[in-house]
Protein chains: 2
Amino acid sequence: MAPGREMRFWGWGEDAHAGAPPHHGIAWLEEVLGAPLKSARPAPDIGAVELSKPRLTRRAAAALRAIVGEGGVREDDHSRIVHAAGKGYPDLVRLSAGDARPAPDAVVLPATGEQVSAVLAACAQEDVAVVPFGGGTSVVGGVEPERGGHRSVIALDLGLLTRLVDLDQRSQLATLEPGLRGPEVEHVLRTRGFTLGHYPQSFEYATVGGWVATRSAGQASAGYGRIDELVEGARLVTPSGDVNLATHPASAAGPDLRELVVGSEGILGVLTQVTLRVRPRPPAGRYEAWMLPSFEAGQEALRACVQEEVSPDVARLSDEPETTMSLALAGLEGKRAALLGRYLGARGIERGSLMITGWEGTPERVAVRRRATTAVLRRNGAAPLGAGPGRAWARGRFHAPYFRDDLLARGVMVETLETATTWSGLPGLLAGVRSALSRHAPFVACHVSHIYPTGASLYFTFLAPQDPDDPIGQWRRAKTDACDAIVAAGGTITHHHAIGRDHRRWLAAEDGALGVEALRAVKATLDPAGIMNPGKLLP
Amino acid sequence: MAPGREMRFWGWGEDAHAGAPPHHGIAWLEEVLGAPLKSARPAPDIGAVELSKPRLTRRAAAALRAIVGEGGVREDDHSRIVHAAGKGYPDLVRLSAGDARPAPDAVVLPATGEQVSAVLAACAQEDVAVVPFGGGTSVVGGVEPERGGHRSVIALDLGLLTRLVDLDQRSQLATLEPGLRGPEVEHVLRTRGFTLGHYPQSFEYATVGGWVATRSAGQASAGYGRIDELVEGARLVTPSGDVNLATHPASAAGPDLRELVVGSEGILGVLTQVTLRVRPRPPAGRYEAWMLPSFEAGQEALRACVQEEVSPDVARLSDEPETTMSLALAGLEGKRAALLGRYLGARGIERGSLMITGWEGTPERVAVRRRATTAVLRRNGAAPLGAGPGRAWARGRFHAPYFRDDLLARGVMVETLETATTWSGLPGLLAGVRSALSRHAPFVACHVSHIYPTGASLYFTFLAPQDPDDPIGQWRRAKTDACDAIVAAGGTITHHHAIGRDHRRWLAAEDGALGVEALRAVKATLDPAGIMNPGKLLP
């Protein structure tokens, strides 16, 4: 990333961040893990990190410097280390242990779309693989600097491409460069009265280009739509030239190439501009919490909301274990816990399922929509917990990755994965994945993170004492079993984290062998030398 | 099409249909055309139609009969003639004149998806081009039986594939075979309490497979969504094998191959199943008409509705010429016309713009939504004309193609074309296309047929006295100028009629040369022999 935009190389975000360390709920964690938490391992020293020898030839480096200038090609250790991986569990395990061996040979920072074109041409010429790098927040190995048989590999950091190219207020369309991070996107739009409304957990660091390249979904996507629903135009710079997708609200002009570009994860080219639907900035927002009698009852309530077209913009439903975890980590104990227990007990809820709902818009519309949602939720047995816990959720909505860092430093394997299926398929998918993960982790929790008229996503979190001798093997076995279970139950292998390096072997279950061949044919056309993001997406 | 499903070979629908002949408004038509209407030319005699000699080899015919049975391969003149073309203007001109020379060499009727696979394999083996044929309602030459350099060509009529494969009521998903026509789709769903809600003008004859293959939009798509928004799964049988796209409500698993299949117009393979989102059948519906002070004011009203999320399910806005035509053809004259004039005059509307709005759902929801839409329309100067003209529109919503037949028989060139762009681009697109068409036709009318938060579609109708010496050349010149104007103004070359044969040369303006190459690569993978629907979609 560009200067001043770096995360901790071994974890999430910045040291200065007021995180959510597990000072609450340590007892609970030790109980579910069946083991004491270790004392926190100190952060690794960047000076002691192991790196492979850089392999960029002098000729390639000179060709790249001729395009992006002297400062645009970084071969120093620091730059290489902070681009050595994404933020997946195996990435953090390796980097925390001081291992950045797969680092790119150099980091290149283009300042314009034209420079991106020229860099790709030079890399094809010089046999250099290119890994497009936005926020570097991939949790599926999407920015792993693999050479893929090429002589060397660069991270193409898009952190200088941060312009608002155009805002068409009348059509509610913003054309953005890919390097803008979440808060930057919202800032440039807010000053003009608009919002994108896209709030994934990675919001603070992930970029708009990364969102589009990975089919990101945000916490308010039930209301604002997934990023793939918001893209109306794009420019993809490929080694074979540019694919300029015209901006139309709708078209019947053959297969929709936007949908080839969206989710292409850098294997076809680099998004240098995207045109996204934006909305007038909502003057009001309200978040509330509810307790549902059970996870199943909560799913029924959400299904009713979305199928009756009274869905809130944010809809999140935790299963009973996740609900217990949330309450434990929030430090809800003693008198307050007893009060909550009595309140829920009076409503027939013993071990409930926590739901967060949120609405945004004009105060009038929020009121009208909230009333409509509330009626359906109450009909389904929801007990209101009020706006307090809703606001608390909204405040902490981007903090979970810090919590993961803390747990990892204390010897806990913590990982998440997500899938989606139809409403009919949901119980089987839930049971299958829960059962697979339970073989590897003493604590498995799940929440419904996104709802659709025809189905919903399931987001799993699992915790286990880390195997100090083979932490990555331990993770891989759990991940593999979970992915196999997802596919066996008819779920999608990823609802919003993308394919990257980690899900490649399950793609054919989704697209079929012939579908994968069709994608390979597209890649061969746009990237004939195969330099774009090797080892990602395609099996 | 299968027995009992045939349209008039030279025009739309059936003779028995109570159409809307131009008995009203003849004077108006003659005035705008500047020429008297001719007396209606009698329908052509199918026995006198000219046909090319069939070229299917005996070996190919035998191979096909071995798959679909004796009755499944039709080589008779009648079968060939009714599959000789779609229903575009040049198609009807040719067939009305008794020319069915481009007829397919045979018509093949598979009864199962497996038979479709086997037929494609046999055709690849025997060098036979395959034109998938659903309702045969293409107005862009999408079912033109071109050989594309192959020895012969068959029409693959999907009229026997009419099963409801599955209805998942809980997930509101229906899996349908491609040959079901609009009324059949609604019938099988209605008996189970559901609707697809897809009502293109071709509803009575077009098929679900054709809708998906051409990215169809229906008259209520503002509410129910375009067909491409409703597809959640599909099976595409190709010469290289099947592409089975799993049904997921959403996924981040790479490029969305559903969007390659949707809109593929038969050039990649044959859709043998599609899984579509359905909805509970609405118990209530209300259609109303309004007069807006001008076309521009009407567009502003619709933009406000859709951007404020109070859009009706049906939203159609005619420009002033189309409004005049509608009133003239409805036979509104004398006292009633004067009454309407006084009513509108009192509201400051002199030569207004007619809008149709429709809402469907529970009576309560219709009432709530109608109130919300109405407030925005009134704020934008809409004068209500009540439910009467709304109901009249709904009754006649599928009749325009019959009217076209009548005019054609009376020596009038009548053609329609559609495009879409952003709200900002709409005035320029409108002016450009109107100006291009005005060079070829004394009467040019336009309506907004579909609205989106970021833009809208424009649907043009133009009338001119037919050039009896070169009717197709006359049409081509007008069409070419209009398409050039669309592209110059940044519109999509087609909003819901697809590319077919007629729009091919403008596809690169939409997808770019490299995008077209990517599509070619996909086709080469799925259809290596190039037998699927030659001469369509790709330039």
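Cut-off values and rules
- Residues numbered from 1 in each chain as written.
- Chains lettered and ligands numbered in written order.
- Predicted model: local features only at pLDDT ≥ 70, side-chain atom pairs only at ≥ 80, totals over all residues.
- Heavy atoms only, no water.
- Least-squares fit on C-alpha atoms with pLDDT ≥ 70 in both.
- Contact = heavy atoms within 4.5 Å.
- Core = buried A, V, L, I, M, F, W, Y, C linked by side-chain atoms within 4.5 Å.
- Buried < 20%, exposed > 50% of the residue type's maximum accessible area, 1.4 Å probe, protein only.
- Phe/Tyr/Trp six-rings, centres within 6.5 Å; stacked < 30°, edge-to-face > 60°.
- Helix = DSSP H or I, 4+ residues; strand = E, 2+ residues; numbered from the N terminus.
- Salt bridge = Lys/Arg side-chain N within 4 Å of Asp/Glu carboxyl O.
- Buried area = accessible area lost by both parts, 1.4 Å probe.
- Polar contact = N/O pair within 3.5 Å; in protein donor to acceptor, adjacent residues only side chain to side chain.
- Nonpolar A, V, L, I, M, F, W, Y, C, P; charged D, E, K, R; others polar.
- Arc of directions from axis to C-beta.
- Axes fitted to C-alpha atoms, helices over the stretch in contact; angles between N-to-C directions.
- Parallel < 35°, antiparallel > 145°, perpendicular 65-115°, else oblique.
- Left-handed = near helix turned anticlockwise from the far one by under 90°.
- Pairing = 2+ DSSP bridges.

A. Inspection of the relation of the copies chain B and chain A at higher detail. The two copies are related by a screw operation: chain B maps onto chain A through 180 degrees of rotation and 0.0 Å of translation along the axis, at an RMSD of 0.0 Å. In the structure described here, the two chain copies are related by an operation that fits a two-fold rotation axis. If distances are taken from each C-alpha of chain B to the rotation axis, the shortest is found for A521(B), at 2.7 Å. Of the interface residues in chain B, 100% have counterparts in chain A that sit at the interface too, so the contact is made through matching surfaces.

B. Here's a closer look at the nonpolar core. L276(A) and L276(B) are the most contacted members of the largest nonpolar core, which has 211 residues in total. Once residues lying within four places of it in the same chain are set aside, the contact partners of L276(B) are Q172(B), L173(B), A174(B), L176(B), L196(B), V208(B), V212(B), I227(B), L230(B) and V231(B). Formed by 24 residues, the second largest nonpolar core is a distinct cluster that contains L64(B), V119(B), V128(B) and L156(B).

C. View of the packing of aromatic side chains. Evaluated as defined, the whole model comprises 10 aromatic pairs over all chains. A centroid spacing of 5.1 Å and a plane angle of 85 degrees characterise the contact between W28(B) and F443(B), whose relative ring orientation is edge-to-face. Note that W28(B) is positioned in helix α1 (residues 26-33) and F443(B) in strand β17 (residues 443-452), a separation of 415 residues in sequence. No difference in accessibility class separates W28(B) from F443(B), as the two residues are buried. Through successive ring pairs, a cluster of aromatic residues spans Y199(A), F203(A) and F398(A).

D. Summary view of the pattern of salt bridges. Taken as a whole and judged by the stated rule, the model has 64 salt bridges over all chains. The residue R369(A) makes a salt bridge to D313(A) at a minimum N-O spacing of 2.8 Å. Of the two residues, R369(A) sits in helix α14 (residues 363-379) while D313(A) sits in the loop between α11 (295-307) and β13 (314-318), which places them 56 residues apart along the sequence. Each member of the pair, R369(A) as well as D313(A), is classed as buried. Taking the shortest distance from any N to any O, the salt bridge between D15(B) and R8(B) comes out at 3.1 Å. Taking relative accessible area as the criterion, R8(B) reaches 15% and is therefore assigned buried. A cluster of three or more residues bridged by salt bridges with shared partners is formed by D91(A), R94(A), E144(A), R501(A) and D502(A).

E. Region of interest: the interface of chain B and chain A. Of the residues lining the interface, 76 residues belong to chain B; the matching set on chain A comes to 76 residues. Overall, the association of chain B and chain A removes approximately 5,700 Å² of surface from exposure, summing both partners, and the carbon and sulfur fraction of that is 58%. Ranking the residues of chain B by area buried against chain A places R170(B), P255(B) and L514(B) at the top, with a combined share of 13%. Viewed at the interface, chain A and chain B are joined by four salt bridges. Close ionic contact of R170(B) with E300(A) constitutes a salt bridge, the shortest N to O distance being 2.5 Å. The interface formed by chain B and chain A contains 34 residue pairs in polar contact (both at pLDDT 80 or more). Those elements giving two or more residues to the side of chain B that touches chain A turn out to be β8 (231-238), β9 (241-245), α10 (258-261), α11 (295-307), β16 (412-422), β18 (455-465) and α19 (507-526) of chain B. Among the elements that line the side of chain B that touches chain A, the one with the most residues is α19(B), at 12 residues. Split into classes, the residues belonging to the side of chain B that touches chain A amount to 29 nonpolar, 28 polar and 19 charged.

F. Up close: α1(B). All names here are of chain B. Restricting attention to buried positions, one finds in α1 the residues W28, L29 and L33. Relative to the axis of α1, the buried residues are bounded by an arc of 125 degrees and lie together on one face. Residues of α1 that are exposed and point more than 90 degrees away from the buried face comprise A27 and E31. Close packing links the buried residues of α1 with α12 (320-329), α16 (400-409), β16, β17 and β18. G34 occupies a position one or two residues after α1 and carries a positive phi of about 65 degrees.

G. Structural context of the environment of G71(B). Its location among the elements puts G71(B) in the loop between α2 (58-68) and β1 (73-74). Taking the C-alpha atoms as reference, G71(B) lies 65 Å from G348(B); in sequence the two are 277 residues apart.

H. Here's a closer look at the packing of helix α4 (residues 89-96) of chain B against α16(B). All names here are of chain B. Where α4 contacts α16, the axes come no closer than 11 Å and their chain directions differ by 50 degrees. Relative to α16, α4 is oriented oblique. Here the hand of the crossing between α4 and α16 comes out right-handed. Across the interface between the two elements, Y89, L92 and V93 from α4 touch R404, D405 and L408 from α16. Residues belonging to the contact of α4 with α16 are distributed by class as follows: four nonpolar, no polar and two charged.

I. Representation of the pairing of strand β9 (residues 241-245) of chain A in the model. All names here are of chain A. In this sheet, β9 lies alongside strand β8 (residues 231-238) in antiparallel orientation, the contact comprising five bridges. Among the inter-strand pairings, R235 is bridged to a residue of β9, identified as N244. Between β8 and β9, which pair antiparallel in sequence order, lie two residues.

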